[in-house]
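# Observations on the model geometry
Listed here are the chains, written in short residue letters.
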Amino acid sequence: MEKIAYVNGSYVPLSEAKVSVLDRGFLFADGIYEVAAVLDGKLVDNASHLARLERSVGEIRLELPETIARIQEIQKELVARNKLVNGMVYLEVTRGADTGRDFAFPKGVKPTLVMFTSEKDIVGAPSARTGINVITVPDIRWEGRDIKSVALLAQVLAKQAAAEAGAGEAWMIEDGKVTEGGSSSAFILTQDDVIVTRQNGSEILPGCTRKAVVALAEERQLRVEERAFSIEEALAAKEAFITSASLFVQGVVAIDGKKVGNGKPGPMTDRLREIYVEFAKATAV
């Protein structure tokens, strides 16, 4: 069965899902996106993703073409129509298609809204058991990284460098400190059992899974510090891990070919993954 996508009010076969070549998302990366996980046919932590969507579109003065409630209805309808059990729902909104290629915001143009689904076994992913290697790359992105823009060229190049190196992720470095992964938030566990992740700001995307993991850790009286850390500190740490909607919590076992800890996902990483999966299943809608 061919997958179904949503394009500007219509549910269509994915192969027929199209937007104009004049769409500003295509021409200028003038748009925002979100990705929500699906477990057992339900959306995981979706309120957090939709809240971030509202914030991001507000930052670039882009009006949503549908209400947040309606967007969630469409997400759920796509999950149902595609009989999706485990995977992701991708959502993108752009400023729409004008009659030409002018940089300034067009007038009287309705924003474009597209969504589609993909299958993925996040909970059963083999990399959750083995951990992943990461490489480091310079962070060459713009300064508005807290906006979930579709302008992802720097992340594409980082992820390609990781793929060519046989690594699962790239950690981006600025001023000697880790900002975040190409598509994930970065964490370490220090030798005195403090969970460290960079504080929110314009330097990083405020990760929804990151936010939930920090809250879940603090609820259990685990020590958390939100601050920048270096690769040297990461290599001296007990554990390192990443978080994102598409992988939840996964251990980092090596950085630039150098082993972290004993080279295996650590007990804190495994515990936080279990806690997050429990949270995801209990709160999914």
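The structure this text deals with has already been given above.
Treat the numbers as computed from the prediction; the structure is a model and nothing was measured.

Reading the values: the criteria
- All residue numbers refer to positions counted from 1 along the written sequence of the respective chain.
- The predicted nature of this model means local features are confined to residues of pLDDT at least 70 and side-chain atom pairs, given and counted, to a pLDDT of 80 or more, with totals for whole chains, interfaces and linings taken over all residues.
- Heavy atoms throughout the structure, all of them, feed into the side-chain values; hydrogens and water do not.
- Grid points spaced at 1 Å over the protein atoms alone were grouped into cavities, where a 1.4 Å probe fits but cannot get out, and pockets, open sets with protein on both sides within 12 Å along at least five of seven lines, with lining residues defined by an atom within 4 Å of a point.
- Grid points are joined across faces, edges and corners, and a volume is the space filled by probe spheres set on the points.
- The way it works is that DSSP assigns letters per residue, a run of H or I at least four long becomes a helix, a run of E at least two long becomes a strand, and they are numbered from the N terminus.
- Polar here means any residue other than Ala, Val, Leu, Ile, Met, Phe, Trp, Tyr, Cys and Pro, which are nonpolar, and Asp, Glu, Lys and Arg, which are charged; Gly is therefore polar.
- For salt bridges, the criterion is a side-chain nitrogen of Lys or Arg within 4 Å of an Asp or Glu carboxyl oxygen.
- The buried label goes to any residue with under 20% of its type's maximum accessible area, the exposed label to any with over 50%, and the partly exposed label to all in between, with areas taken from a 1.4 Å probe on protein chains only.
- Note on geometry: axes are lines fitted to C-alpha atoms, helical ones only across the stretch in contact, with angles between N-to-C directions running from 0 to 180 degrees.
- Note on terminology: angles under 35 degrees are roughly parallel, angles over 145 are roughly antiparallel, angles of 65 to 115 are roughly perpendicular, and the others are oblique.
- In this analysis, two residues are considered to be in contact whenever any of their non-hydrogen atoms come within 4.5 Å of each other.

Our focus in this paragraph is empty space enclosed by the protein. All chains considered together, the criterion is met by one cavity of 30 Å³ or more. Lining the largest cavity, in full, are Glu34, Val35, Ala36, Asn46, His49, Leu50, Gln75 and Leu91. At the level of secondary structure, the elements contributing two or more residues to the lining of the largest cavity comprise β3 (31–39) and α2 (46–59). Per-class residue counts for the lining of the largest cavity are four nonpolar, three polar and one charged.

Our focus in this paragraph is the pattern of salt bridges. Following the criterion strictly, the structure yields 17 salt bridges and no others. As a salt-bridge pair, Arg227 and Glu225 come within 2.7 Å of each other at their nearest N and O atoms. With a relative accessible area of 26%, Arg227 lands in the partly exposed category.

The gaps of empty space that remain are located by a probe, the size of a water molecule, rolled over the atoms. Approximately 750 Å³ is the volume attributed to the largest pocket. Around the largest pocket sit 36 residues that line it, and Tyr33, Lys148, Gly182, Ser183 and Leu205 are the ones nearest its centre. For the lining of the largest pocket, the elements supplying multiple residues, two or more each, are β3, α2, β5 (87–94), α5 (153–164), β9 (177–181), α6 (208–219) and β13 (239–244). The biggest single contributor to the lining of the largest pocket is α5, with five residues. For the lining of the largest pocket, the per-class residue count stands at 14 nonpolar, 13 polar and nine charged. Taken together, 17 residues line the second largest pocket, and the ones lying closest to its centre are Ala17, Val19, Glu92, Val114 and Phe116. Put simply, the parts of the chain that give the lining of the second largest pocket at least two residues each are β1 (4–7), α1 (24–28), β5 and β6 (112–119). Of all the elements, β6 adds the most residues to the lining of the second largest pocket, at four residues. Split into classes, the residues belonging to the lining of the second largest pocket amount to eleven nonpolar, three polar and three charged.

Viewed as axis vectors pointing N to C, α6 and helix α8 (residues 267–283) meet at an angle of 105 degrees, and their least axial separation amounts to 10 Å. Classed by the angle they form, the pair α6 and α8 counts as roughly perpendicular. In this structure, α6 uses Thr209, Ala212, Val213, Leu216 and Ala217 to contact α8, whose residues at the interface are Leu272, Ile275, Tyr276 and Phe279. The class makeup of the residues in the contact of α6 with α8 is eight nonpolar, one polar and no charged.

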